Amino acid sequence: MKKKLYVLFCILFLVNISVVFAKQEVPNQDFINKYFFYNSASQMAETKKNINPPFLEQLMKHSLEHNDVQNIKVENNSGLQRVFSINDGFQERVLRKVVYWLNNSVRVNGTIEVPLDNPSNKLTLKMANDVVITIEPAYICVVNNKRKTCTAKEGELIVSENGQQVQLKSQSLYDWLMVGWRKELDGPTKEELLEEALFTRYLSHLGPSYSEFFMCPKIKIEPINGDPRRHLIFASALNYSGHHGGDYDKLTFSVRDSNLTGLQVTNVKIKKHISQEESEKQCRTFD
């Protein structure tokens, strides 16, 4: 009898130990969820990081997106430099402008001019996937009496990515790289501040349901029959929530503004889910 009880006790002891170790080895559900989410998010981020085609391929297809640029740095051979980041609202406009000019550039066929070791000006784009793109003026170099003289080719630039180069022509980007970047403002111009102030004044008459339509406001003012006391205003803007992912909606309305009869708001319309091209045109302040 004692022998049977001893055997039974040993069996129960072994079963209990197995259960304890099993509980210790099995991770809880929160751990499983966190681990799975972390790895899935990491894989998705890595996939997104590598999903874009090479920069030069996008450039040739005129399909560059400003959101793919993390920041741009411009520097000259005198040591001056500026950095424009996608994370700054006003500096983002500069990124949009540069990408717009690149997309509207024309490729220059033939032999690519050799860039200088120390160009007068240099533009560096750091992409979201950590690829670095350089843009420099194209130069024509002539050797005379063993002396090398290099002259920048008006309107032409060399774009380099991982040892590959493309020569293109963009007078606007060329002028900006040579001079314009130093004149970029850190905030809105007086004209933009006035435009925003006017838009806010007229928007307040539409009611609270339109309060989020303040992105990239545009105002066009025309006198009525040449009378400086009466004006017809055409206003438009995008909704702020579109800035966080989804598509933008566009608000348009007109106002008759007179110091004799006051304000009369008419033709209030909202266009849902406008195209990216239309939203960029609304926000664009460059040619």
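The coordinates are above.
Residues numbered from 1 in each chain as written. Predicted model: local features only at pLDDT ≥ 70, side-chain atom pairs only at ≥ 80, totals over all residues. Heavy atoms only, no water.

Focus on the state of the cysteines
Heads up, the condition is: The rule for a disulfide is simple: a pair of cysteine sulfur atoms within 2.5 Å. Three labels apply to residues, based on accessible area from a 1.4 Å probe with only protein chains included: buried if under 20% of the type maximum, exposed if over 50%, partly exposed otherwise in between. Runs of E in the DSSP output that reach at least two residues are strands. Runs of H or I that reach at least four are helices, and both are numbered from the N terminus.
According to the stated counting rule, one finds two disulfides in the structure shown. The disulfide that involves Cys141 links it to Cys150, with 2.1 Å between the sulfurs. Here the disulfide of Cys141 and Cys150 is right-handed, its torsion about the S-S bond being about 110°. Classification of Cys150 as partly exposed rests on a relative accessible area of 27%. With its sulfur 2.0 Å from that of its partner, Cys216 forms a disulfide with Cys283. Because the sign of the S-S torsion sets the handedness, a value of about 95° for the bond joining Cys216 and Cys283 places this disulfide among the right-handed ones. Linking Cys216 in strand 8 (residues 213–224) with Cys283 in helix 7 (residues 276–283), this pair joins segments that are 67 residues apart in sequence. Cysteine pairing for the protein chain (bonded cysteines numbered in sequence order): 1-2, 3-4.

Observations concerning the sheet that holds strand 10 (residues 250–258)
Applied cut-off: The pairing criterion for strands is at least two bridges between them, as found by DSSP. Orientation is described by axes fitted as lines to C-alpha atoms, over the contacting stretch for helices, and by angles from 0 to 180 degrees between their N-to-C directions. A contact between two residues is defined here by any heavy atoms of the two lying within 4.5 Å.
Taken in spatial order, the four strands make up an open sheet running 8-9-10-11, and their pairing is antiparallel. Strands at the two margins of the open sheet, each flanked by one partner only, are strand 8 and strand 11 (262–271). The sheet shows a mean angle of 15° between the axes of neighbouring strands, direction not considered. Taken together, the nine bridges between strand 8 and strand 9 (residues 227–239) define a ladder with antiparallel strand orientation. If you follow Pro223 over to strand 9, its bridge partner there is His231. Contacts from helix 6 (residues 190–203) reach strand 8, strand 9, strand 10 and strand 11, with the element oriented near 90° to strand 8.

Examining the pattern of salt bridges
Note the threshold: Whenever Lys or Arg places a side-chain nitrogen within 4 Å of a carboxyl oxygen from Asp or Glu, that contact is recorded as a salt bridge.
Per the counting criterion, the structure on display carries 12 salt bridges. Where Arg96 meets Glu92, a salt bridge forms, and the shortest distance between an N and an O atom there is 3.5 Å. Taken as a pair, Arg96 and Glu92 lie in helix 4 (residues 89–103) at a separation of four residues, close to a single helical turn. Each member of the pair Arg96 and Glu92 is classed as buried. By sharing partners, the salt bridges in this structure join Asp227, Arg229 and Arg230 into a single network.

Quick notes on the sheet that holds strand 7 (residues 164–169)
On the basis of which strands lie adjacent, the open sheet formed by seven strands has the order 2-1-4-5-6-7-3 and antiparallel pairing. Either end of the sheet is taken by a strand with one partner, and the two such strands are strand 2 (81–85) and strand 3 (106–107). Alignment of strand 1 (residues 69–76) against strand 4 (residues 121–127), held across seven bridges, turns out to be antiparallel. Bridged to Val74 within strand 4 is Leu123. Against the sheet, helix 4 makes contact with strand 1, strand 2, strand 4, strand 5 (132–144) and strand 7, and its axis sits at roughly 95° relative to strand 2, the strand it touches most. Docked against the sheet, helix 5 (residues 171–178) engages strand 1, strand 2, strand 4, strand 5, strand 6 (147–161) and strand 7, running at close to 115° with respect to strand 6.

Regarding the environment of Ser211
Note the following rule: In protein, a polar contact means a hydrogen-donor-capable atom and an acceptor-capable atom, both N or O and within 3.5 Å, with residues adjacent in sequence counting only if both atoms are side-chain atoms; elsewhere, any N or O pair within 3.5 Å suffices.
Examined against the element boundaries, Ser211 turns out to sit in the loop between helix 6 and strand 8. Relative accessible area serves as the criterion here: at 47%, Ser211 is assigned to the partly exposed category. Here the alpha-carbon distance between Ser211 and Asn239, two residues 28 residues apart in the chain, equals 8.6 Å. Polar side-chain contacts of Ser211 include one of 2.9 Å to the backbone oxygen of Pro208.

Points about the nonpolar core
Heads up, the rule is: We call a set of buried Ala, Val, Leu, Ile, Met, Phe, Trp, Tyr and Cys residues a nonpolar core when their side-chain atoms join them within 4.5 Å.
Within the largest apolar cluster, 30 residues are counted, with the highest numbers of intra-cluster contacts made by Phe55, Ile72, Leu102, Leu123, Leu125 and Trp176. Elements with a minimum of two residues in this core: helix 3 (55–60), strand 1, helix 4, strand 4, strand 5, strand 6, strand 7 and helix 5. Among the elements that make up this core, the one with the highest residue count is helix 4 (six residues). If we skip the residues at most four places from it in the chain, Leu125 touches Phe55, Val69, Asn71, Ile72, Leu102, Val131, Val132, Ile133 and Ile135. Counting 12 residues, the second-largest nonpolar core is a separate cluster that includes Tyr202, Leu203, Ile219 and Ile233.

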